[in-house]
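Each chain, letter by letter, is given below.
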Amino acid sequence: HTDILCDGFFDGGRGRRLCSLAHLRAIPVDEKREVIVVDKGTDTMLAQYTERAISSVAPIPDRESKAFALSLLVCSLMGGHRGGAIDAECYEQMQQLKRKLRTNVIPLGMITIGCCRHRALLFKYLADAVGLPTRLLRGAWTDSEAESARKLINGAKGESHELARSGHAWNAVFFESPSMDTGVC
């Protein structure tokens, strides 16, 4: 797997034209989705997260344990497990950061309450740093996939859960055995 996230990568999300980071920085602060930039050379928190992952996760010998440890680290760095409240808290934090920085471009390391796109991006970046073969995936639940998943979850727990029918981001971790490949985050 050679798709490594390099410093300088940025994600404008849905609804933004492809253009330079300089152009995106010049756009007046708006209510649209933030642009996330990944660069440990200019983002001291991301550099610290990377060093933490290298020292605590990289030495773990097997991929499954490494993926689990990294997912716990990313969860802790991105606000823990907050359930359904995370989207509103994340949105509010993004608006505060955009006002504070006076730009729609937010360094990944400044995000402390992250939703799926932030967590998946951080997981991918740190996985690359610790040598864990991973892909960043994005897509949408189709109605049939959402309904199948809802039946599975509701049947197992006996309660109702709403699943996203719009954009989602996650990671695929590649283990030594192809039969163990799975999504994480």
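Use the structure listed above.
Since this is a predicted model, take the numbers as computed values, not measurements.

Draft legend 1. Examining the overall build of the protein more closely. The number of helices and strands found in the protein is six helices and six strands. Element order for the protein, N to C, with α for helix and β for strand: β-α-β-α-α-α-β-α-β-α-β-β. Counting only contacts in the protein whose residues sit at least 6 apart along the sequence, the fraction spanning at least 24 positions is 67%. About 10,100 Å² of surface is accessible on the protein, with carbon and sulfur atoms providing 57% of the total.

Draft legend 2. Just the sheet that holds strand β2 (residues 35-38), in detail. Here we have three strands laid out as an open sheet, ordered β1-β2-β3, and mixed in their pairing. What marks the edges here is a single partner per strand, and that holds for β1 (9-11) and β3 (105-107). In this sheet, neighbouring strand axes are inclined to one another by 30° on average, regardless of whether the strands run parallel or antiparallel. Bridge count between β2 and β3: three bridges; the pairing is parallel.

Draft legend 3. Expanded view of the pattern of salt bridges. For the structure shown, the criterion picks out seven salt bridges. For Lys98, the salt bridge goes to Asp30, with nearest N and O atoms at 3.7 Å. Residue Lys98 is located in helix α4 (residues 86-101), and its partner Asp30 is located in the loop between α1 (21-26) and β2; the two are separated by 68 residues in the primary sequence. Given the relative accessible area of 18%, Asp30 is considered buried.

Draft legend 4. Representation of the packing of helix α2 (residues 44-56) against helix α3 (residues 63-77). Contact geometry for α2 and α3: axes closest at 11 Å, N-to-C directions at 155°. One element, α2, and the other, α3, form an angle in the roughly antiparallel class. Here α2 runs over α3; the crossing is right-handed. Residues Tyr49, Arg52 and Ala53 of α2 form the contact with α3, whose own contacting residues are Leu70, Leu73, Ser76 and Leu77. The residue makeup of the contact of α2 with α3, split by class, is five nonpolar, one polar and one charged.

Draft legend 5. Seen up close, the side chain of Asp11. Considering the arrangement of structural elements, one finds Asp11 in strand β1. Among the polar contacts listed, one links the side chain of Asp11 to the side chain of Arg138, at a separation of 2.9 Å. When near neighbours in sequence (up to four residues on either side) are disregarded, Asp11 contacts Glu34, Val35, Ile36 and Arg138.

Draft legend 6. The environment of Ser56, seen in detail. By secondary structure assignment, the location of Ser56 is in helix α2. Taking C-alpha positions, Ser56 is 9.4 Å from Leu73, a pair spaced 17 residues apart along the chain. Polar side-chain contacts of Ser56 include one of 2.7 Å to the backbone oxygen of Arg52.

Draft legend 7. Seen up close, the packing of α3 against helix α5 (residues 116-130). Across the interface, α3 lies against α5 with an axial gap of 10 Å and an inter-helix angle of 135°. It follows from the interaxial angle that α3 and α5 lie oblique. Seen along the crossing, α3 lies across α5 with a hand that is right-handed. Here Lys66, Ala67, Leu70, Ser71, Leu73, Val74, Cys75 and Leu77 of α3 come into contact with α5, specifically with Arg119, Leu122, Phe123, Leu126, Ala127 and Val130. Of the residues in the contact of α3 with α5, the class split is 11 nonpolar, one polar and two charged.

How each quantity is defined
Residues numbered from 1 in each chain as written. Predicted model: local features only at pLDDT ≥ 70, side-chain atom pairs only at ≥ 80, totals over all residues. Heavy atoms only, no water. Helix = DSSP H or I, 4+ residues; strand = E, 2+ residues; numbered from the N terminus. Contact = heavy atoms within 4.5 Å. Areas by Shrake-Rupley, 256 points an atom, 1.4 Å probe, with all protein chains shown as cover. Pairing = 2+ DSSP bridges. Axes fitted to C-alpha atoms, helices over the stretch in contact; angles between N-to-C directions. Salt bridge = Lys/Arg side-chain N within 4 Å of Asp/Glu carboxyl O. Buried < 20%, exposed > 50% of the residue type's maximum accessible area, 1.4 Å probe, protein only. Parallel < 35°, antiparallel > 145°, perpendicular 65-115°, else oblique. Left-handed = near helix turned anticlockwise from the far one by under 90°. Nonpolar A, V, L, I, M, F, W, Y, C, P; charged D, E, K, R; others polar. Polar contact = N/O pair within 3.5 Å; in protein donor to acceptor, adjacent residues only side chain to side chain.

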